[in-house]
Amino acid sequence: MSLPADQHTIRIEQLRKTYNAPTHGDVHYIIKDVDLVIKGGEFFVLLGPSGCGKSTLLNMIAGFISKSGGQLKVDNKEIDRPGKDRAMVFQQADSSLFPWLTVRENVEFGLRMAKVPKSQRRTISDRYIELVGLGSHEAKFPKELSGGMKQRVQLARVLANDSAILLMDEPFGALDAMTRRTMQKELVNIWQETHKTVIFVTHDIQEALLLGQRIGIMSVGPSSKITDIYDNALSYPRNIASSEFNILYDQIQSHFEE
Ligand SMILES: Nc1ncnc2c1ncn2[C@@H]1O[C@H](COP(=O)(O)OP(=O)(O)OP(=O)(O)O)[C@@H](O)[C@H]1O
């Protein structure tokens, strides 16, 4: 399945976010003049050092943070609030999942709020609980799950809500290395199966290269912007030992060495 041309395209032009500095009333730009177009169905990675403004940009796309200037559009409509077309997967699943609800109830929560009939909710949650590999854990509560399993629940929930755009803010940052690797592979499989647009924030070059079709490099803040975009046409699943992977790795690494 492929999306009609331009569907769910995100267009960002001259985007700015400022906070007033506590002294002198000086304007302090967190991000300044960000230009970016992300096509529907694309897997885009935002890569940059800690504090450069990746989460700020992602939260602006989510509609959680207002812009200070420029344009930010999805499907040619200006983003000024959260919308059903966009869903966030957070690094800390604990603050996003309801502890008093089971895996299935968490996954079905948005559907229940949208008054989707019970039998239909069941069919949808079955599909996504299975897709994220939680088939035998659907009756468990979040406290009974590992970190990786909780991230799977978050993923299943946003997939069940059928948002076209998944915004992922270092979702695997708190996981151990082995679980992280498994989740990266599973995310690629899910993206390939569901054709969602994914914007994935990380400061890990290897993770960026394992996942993204394009990787946008954000400069050190303040006044951070996207300085370079790398195309990564390597086929999935990507091999971290391949020379092509390592050539790209070195190119990207050189941005952060000065
Ligand atoms: N409400 C706020 N008021 C003032 N400054 C803020 C506010 N929120 C964020 N900032 C500043 O904006 C900058 C960018 O923060 P942001 O969390 O977007 O960076 P990041 O690249 O996601 O960092 P990390 O990788 O460490 O999560 C930081 O310098 C931060 O201190």
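Residues numbered from 1 in each chain as written. Predicted model: local features only at pLDDT ≥ 70, side-chain atom pairs only at ≥ 80, totals over all residues. Heavy atoms only, no water.

- The name given to the chain in an unreviewed UniProt entry is ABC transporter ATP-binding protein, with Paenibacillus taichungensis as the source organism.

1. A few points about helix α4 (residues 147-160)
- Counted at 1.5 Å a residue, the expected span for α4 with its 14 residues is 20 Å, and the 20 Å between its end C-alpha atoms agrees.
- Burial analysis of α4 places 13 of its 14 residues in the buried class, the great majority of the element.
- Residue Asp 162 follows α4 closely and has a positive phi angle near 60°. (Helix = DSSP H or I, 4+ residues; strand = E, 2+ residues; numbered from the N terminus. Expected span 1.5 Å × (residues − 1). Buried < 20%, exposed > 50% of the residue type's maximum accessible area, 1.4 Å probe, protein only.)

2. Looking at the nonpolar core
- One finds Phe 43, Met 168, Leu 187, Phe 200, Ile 215 and Ile 252 to be the most contacted residues of the largest nonpolar core, which totals 46 residues.
- Among the elements that take part in this core, α4 stands out by supplying seven residues, more than any other.
- Excluding residues that lie within four positions of it along the chain, Leu 187 makes contacts with Phe 43, Leu 155, Met 168, Phe 172, Phe 200 and Leu 211.
- Residues Ile 30, Leu 57, Met 88 and Leu 167 belong to the second largest nonpolar core, which totals 27 residues. (Core = buried A, V, L, I, M, F, W, Y, C linked by side-chain atoms within 4.5 Å. Contact = heavy atoms within 4.5 Å.)

3. Let's talk about the sheet that holds strand β6 (residues 86-89)
- Taking strand neighbours across the sheet as the criterion, the six strands line up as β6-β7-β8-β3-β9-β10 in an open arrangement whose pairing is mixed. Among the strands making up the open sheet, the edge pair consists of β6 and β10 (226-231). On average, adjacent strands in this sheet sit at an angle of 20° to one another, irrespective of strand direction.
- Bridging between strand β7 (residues 165-169) and strand β8 (residues 197-202) involves five bridges; their strand directions are parallel. Bridge assignment links Asp 169 to a residue of β8, and that residue is Val 201.
- In the packing of α4 onto the sheet, the strands contacted are β6 and β7, and the crossing angle to β6 comes to about 175°.
- Along the sheet, helix α7 (residues 243-253) contacts β3 (43-47), β9 (214-218) and β10; its crossing angle with β10, the most-contacted strand, is approximately 175°. (Pairing = 2+ DSSP bridges. Axes fitted to C-alpha atoms, helices over the stretch in contact; angles between N-to-C directions.)

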